[in-house]
Amino acid sequence: MMLMILDHVNYIYSEKTAYEIQALKDINLKIEDGEFIGLIGHTGSGKSTLIQHLNGLLRATSGSIYFQGQDIYDEGYNRKELRGKVGLVFQYPEHQLFETTVFADVCFGPKNQGLSEKDAQMRAYTALHEVGLPEEYWYHSPFELSGGQKRRAAIAGVLAMKPEVLVLDEPTAGLDPKGRDEILDQVAALHQSTGMAVILVSHSMEDVAKYVGRLLVMSQGSILLDGTPREVFRHYQELEAIGLAAPQVTYLMHELAQKGLAVDPDATTLGEAKDSILQAFGKRQRRNRQENYD
Amino acid sequence: MIRDITIGQYYPADSVIHRLDPRVKLMAVACYLVSLFLFRNVAGLVAVTLGLAGIIRISKVPFRYMVKGLKAILVILVLSTLFQLFLTPGETLVQIWKLKVSYEGARNAGFMIIRLTYLILGSSLLTLTTTPNQLTDGMEKALRPLGKLHVPVHEVTMMMSIALRFIPILIEETDKIMKAQLARGADFESGNLVKKAKSMLPLLIPLFVSAFRRANDLAMAMEARCYRGGVGRTKMKPLSYHRRDGVAYLVIGAYFLGVLLLRKVS
Amino acid sequence: MNFIKARKLKFEYIRRDEEGNVEGLLTALDSVDLDVRQGEFVAILGHNGSGKSTLAKHLNMLLQAEEGTLWVDGKDAMDGGNVWDIRKSTGMVFQNPDNQIVASVVEEDVAFGPENLGIPTGEIWKRVENSLQSVGMVRYRSHSPNKLSGGQKQRVAIAGVMAMEPKCIVLDEPTAMLDPNGRREVLEAVQALNREKEVTLILITHYMEEVVQADKVYVMDSGKVVMQGTPREIFSQVDRLKKYRLDVPQATLLAYELRKAGMDLPEGILTWQELAEALCSQYQAR
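Residues numbered from 1 in each chain as written. Chains lettered and ligands numbered in written order. Predicted model: local features only at pLDDT ≥ 70, side-chain atom pairs only at ≥ 80, totals over all residues. Heavy atoms only, no water.

This paragraph deals with the overall build of chain C. Broken down by element type, chain C carries eleven helices and ten strands. The C-alpha radius of gyration computed for chain C amounts to 21 Å, which stays within 12% of the reference 19 Å derived for 286 residues, consistent with globular compactness. With the C-alpha coordinates of chain C rotated into their principal frame, the extents come out at 70 × 50 × 40 Å. Here chain C, with 286 residues, has 60% of them falling under the buried criterion. Across chain C, the fraction of contacts at a sequence separation of at least 24, relative to all contacts at a separation of at least 6, is 62%. When the accessible surface of chain C is totalled, it reaches about 11300 Å², and 45% of it is carbon and sulfur. (Helix = DSSP H or I, 4+ residues; strand = E, 2+ residues; numbered from the N terminus. Rg over C-alpha atoms; globule rule 2.2 N^0.38 Å. Buried < 20%, exposed > 50% of the residue type's maximum accessible area, 1.4 Å probe, protein only. Contact = heavy atoms within 4.5 Å. Areas by Shrake-Rupley, 256 points an atom, 1.4 Å probe, with all protein chains shown as cover.)

The subject of this paragraph is the packing of helix 5 (residues 147-159) of chain A against helix 6 (residues 177-194) of chain A. Residue and element names in this part refer to chain A. Contact geometry for helix 5 and helix 6: axes closest at 10 Å, N-to-C directions at 25°. Here helix 5 lies roughly parallel to helix 6, going by the angle between them. Taken as a pair, helix 5 and helix 6 cross one another with a handedness that is right-handed. Mapping the contact onto sequence places Gly148, Arg151, Arg152 and Leu159 in helix 5 and Glu182, Ile183, Gln186 and Leu190 in helix 6. Its residues assigned to classes, the contact of helix 5 with helix 6 shows three nonpolar, two polar and three charged. (Axes fitted to C-alpha atoms, helices over the stretch in contact; angles between N-to-C directions. Parallel < 35°, antiparallel > 145°, perpendicular 65-115°, else oblique. Left-handed = near helix turned anticlockwise from the far one by under 90°. Nonpolar A, V, L, I, M, F, W, Y, C, P; charged D, E, K, R; others polar.)

Before going further, it helps to spend a moment on the domain arrangement of chain C. All names here are of chain C. Segmentation of chain C into domains returns domain 1 (4-237) and domain 2 (249-286). A separation of 34 Å is found between the C-alpha centroids of domain 1 and domain 2. At the junction of the two partners, domain 1 supplies six residues and domain 2 supplies six residues. Counting each side, the surface lost to burial between domain 1 and domain 2 is near 640 Å², with a carbon and sulfur contribution of 67%. Here domain 1 is connected to domain 2 by one salt bridge. Glu274 is paired through a salt bridge with Arg232; the nearest N and O atoms lie 3.1 Å apart. The tally of links from domain 1 across to domain 2 stands at two residue pairs in polar contact (both at pLDDT 80 or more). (Domains from an automatic or database assignment. Buried area = accessible area lost by both parts, 1.4 Å probe. Salt bridge = Lys/Arg side-chain N within 4 Å of Asp/Glu carboxyl O. Polar contact = N/O pair within 3.5 Å; in protein donor to acceptor, adjacent residues only side chain to side chain.)

Attention shifts here to the pattern of salt bridges. Under the defined criterion, the tally for this structure stands at 45 salt bridges over all chains. In this structure, Glu272(A) and Arg230(A) form a salt bridge, with 3.8 Å as the shortest nitrogen-oxygen distance. On the criterion of sequence distance, the pair formed by Glu272(A) in helix 11 (residues 270-280) and Arg230(A) in helix 8 (residues 229-233) is long-range, its members being 42 residues apart. Of the charged contacts in the structure, one is a salt bridge between Arg141(C) and Glu129(C), with a shortest N-O distance of 2.8 Å. Of this pair, Arg141(C) sits in the loop between helix 5 (121-134) and helix 6 (150-162) while Glu129(C) sits in helix 5, placing them twelve residues apart in sequence.

Time to look at the layout of surface pockets. Each pocket or cavity is described by its volume, and for the second largest pocket that value is around 800 Å³. For the second largest pocket, the lining is made up of 40 residues, of which Thr131(B), Asn133(B), Gln134(B), Lys237(B) and Glu108(C) are closest to its centre. Where the lining of the second largest pocket is concerned, the elements lending two or more residues are helix 1 (16-19), helix 7 (132-142), helix 9 (153-182) and helix 12 (243-264) of chain B together with helix 3 (106-110), helix 4 (112-117) and helix 5 of chain C. Ranked by residues supplied to the lining of the second largest pocket, first place goes to helix 7 of chain B with five residues. Its residues placed into classes, the lining of the second largest pocket shows 14 nonpolar, 13 polar and 13 charged. (1 Å grid on protein atoms, 1.4 Å probe; cavity = no way out; pocket = protein on both sides within 12 Å on 5 of 7 lines; lining within 4 Å. Points joined across faces, edges and corners; volume = space filled by probe spheres on them.)

Below, the discussion takes up the confidence of the model for chain C. Taken over all residues, the pLDDT of chain C has a mean of 91, while the share at 70 or more is 99%. Reported for the predicted complex are a pTM of 0.85 and an ipTM of 0.90. (pLDDT = per-residue confidence, 0-100.)

Let's shift gears to the interface of chain C and chain A. Listed per partner, the contact involves 32 residues of chain C and 38 residues of chain A. Interface area, chain C with chain A, both sides summed: about 3100 Å², of which 61% is carbon and sulfur. The largest contributions to the chain C side of the interface with chain A come from Arg245(C), Gln250(C) and Trp272(C), which together make up 23% of the buried area. Between chain C and chain A we count four salt bridges in total. The partner of Glu182(A) in a salt bridge is Arg245(C), and the shortest N-O contact between them spans 3.6 Å. In this assembly, chain C and chain A are joined by seven residue pairs in polar contact (both at pLDDT 80 or more). At the level of secondary structure, the elements contributing two or more residues to the side of chain C that touches chain A comprise helix 7 (180-196), helix 10 (250-260) and helix 11 (272-285) of chain C. Ranked by residues supplied to the side of chain C that touches chain A, first place goes to helix 11 of chain C with seven residues.

Here we take up helix 5 (residues 74-87) of chain B. All names here are of chain B. For helix 5, spanning 14 residues, the distance from its first C-alpha to its last is 20 Å, which sits close to the expected 20 Å at 1.5 Å a residue. Within helix 5, the full set of buried residues consists of Leu77, Ser80 and Thr81. All buried residues of helix 5 lie within an arc of 105° about the axis, which places them on one face of the element. In this structure, helix 5 carries Val75, Phe83 and Leu87 as exposed residues pointing more than 90 degrees from its buried face. (Expected span 1.5 Å × (residues − 1). Arc of directions from axis to C-beta.)

Let us now look at the sheet that holds strand 2 (residues 21-32) of chain A. Residues and elements named next belong to chain A. Taken in spatial order, the four strands make up an open sheet running 2-1-4-5, and their pairing is antiparallel. Across the chains shown, the open sheet's two edge strands, defined by having one partner strand only, are strand 2 and strand 5 (70-71). In terms of strand pairing, strand 1 (residues 2-13) meets strand 2 through eight bridges, oriented antiparallel. Residue Met2 lies in a different strand from strand 2, and its bridge partner there is Glu32. Packed onto the sheet, helix 1 (residues 47-54) meets strand 1, strand 2 and strand 4 (62-67) and runs at close to 125° relative to strand 1. (Pairing = 2+ DSSP bridges.)

Across the boundary between the two partners, chain C contributes 39 residues, which contact 28 residues of chain B. Summed over both partners, the interface of chain C with chain B comes to about 3200 Å²; 54% of that surface belongs to carbon and sulfur atoms. Summed over the three residues of chain C that lose the most area to chain B, namely Trp84(C), Asn99(C) and Asn116(C), the buried surface amounts to 21% of that side. Where chain C touches chain B, the interface holds six salt bridges. For Arg233(B), the salt bridge goes to Glu115(C), with nearest N and O atoms at 2.8 Å. Joining chain C to chain B, the criterion identifies 19 residue pairs in polar contact (both at pLDDT 80 or more). Elements represented by at least two residues in the side of chain C that touches chain B include exactly helix 2 (83-89), helix 3, helix 4 and helix 5 of chain C. With six residues, the top contributor of residues to the side of chain C that touches chain B is helix 4 of chain C.

Structure representation (structure tokens):
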């Protein structure tokens, strides 16, 4: 089923002043239930503005947004409830963690939804399990956690509201490589187990290519490319023109194909590249598709 | 909305006012504020208005940009006007139900609006045309005699300049925290006063934690750049008077005298 | 002689509980040896909490070790009297660009260091001009730092250190909070300083792509130096790096995987260009 539809959405900051900036230009977008979407673009491309429209924090200057068939700008539409359905986790967990314990902090969202203390605790319990935060940290102060654990606590705080779509704004910023992989694996597992739609905002093509089924590339307030990672990275020259880069693998495979090797230039992940190169060299490997390359 | 506060912001432009020595500007603002409370008739009003309008004109700061800063104090403005309007005893001008507006009240209220507005405009002009560093340098130098009384002038002015640097950053951060909590269903608006105060905790705690962290980081960065108090420091832009500053002092003196003389006009 | 020479440095953080009683000791540096020659570009890698930032803070005496010896630019860093000389010769750039810019105008911030050193006004102007030039930020000299991008702010911070005319700059995760464009800007700026002004560079990071150009790499884990060598030597040990919660560039990882699958590729491939070349020459040799 169609989860969200954005129809000719425009957004202008500081309209009618000298500082007027059109942050979103005619965005048309359909998001289906259960999709795993990567949203890429450099700073100022409009991706942060876009995700704040999804849960109604920002209101489009013109255009409409439909959530499960209902116009969220309709009079009488409960936009506060929408924030529970479109769970938005901002980049810095430090901006939302405030309670004395992690557990109490995760209860904050469900309590705002009007749930009883007991129900809120049930939600927190499930959410903390879902993000894989070890129980020993649940009653610590959120300020004592490491970067990766803070991130998990923050995601749990939004998950506890039982959203239908989870939007994560650069969940790996500032984490070390292992921490980054752990968080992304956890998000992928979460997507698998709950079937909830996930939108992952990121700077890193490598990260996104590995996980998502659909990639959106934004530039100067518009959606420039929309497709599977393979389709999008085929346009690697366009990506470069807007200051982004495709994964290293894409460059390698194109170079090899150009030099006459029979490899698949559209391979986007390490695993695909490896298989394709081995095949070109006639070393057919036992295909072990689920092999973990991190 | 929160970004509209222009008090304490610097507006870069190339004008005589921008180039004046900050000590002159401090003196000018002090004189201007005093003059605002000295004038008591229409002639005086004309003088303070012309004075302000002239300086805004010369400063090349767009008037619209300055007015935006007034929004922040609108509530104070309205409240104090209402107090003046209804609570000044005197000859009744109009009566609405039990509230009497006296002739004096109306006049006081009118003057109050003008005084407060000019006060804000005048003092924001100081920060709009003076970089925080210049401003604090000016204060440091103007207040230097207090150092003899063991007042830590350098430290205080350094703190002020750092505060001015971080105000916009913390305002932006407040905005982000607010959004993060709104996304979790927080409600900063409804409820009675106690409930409202309590609902600010999810905003204030992350803000304080972050401010302390920033303070810590900054202290370390300053130390790493060999900061060790005011002793032995030199300046990139040491304050020195130019001819224009002398002229400005004369203008200020003349203005002040003018306002004093106009008090005698009835 | 080495510009920096550390032997058996040890540093412990004291952990206290809520009442202020000592709960335990956390060894942040454990018998660390470090050698950096004048003009070198040295990278220190490690995951968050590995002790690499603690080490950085020792290099300009923001922290002082309890045990061991540390010499910076021929001066004993264990002697508190040398603190200003050492801070002058070894500048430091931190992770958060906002939290290290003091002034509200770019050029006034760059002047902060020289002002603290008591440099005469005329000379300060020259230094500000030169150091803004060296990071390509002259155009923004009268801007407010708040209006700049992350990468630009970090370049201002670097200019602020350069204006003190240090022999060495220590960068403590300068790119961790930046987007890819900002990261590139900052790296290009510091590498140019290293090449053209022969400033010794110590880059602390967990991004592998950033250390490919380094002369020498140190890897830290739980307070110890666990690996050291050229980038090629380090990156050929993919398994060990993974154990230390680190990563290798994608091209290196792919080469490693292909080698494991039986292909005959040279060790220590760092870039996709190198990998493409190796694969092509193999293909032709067949």
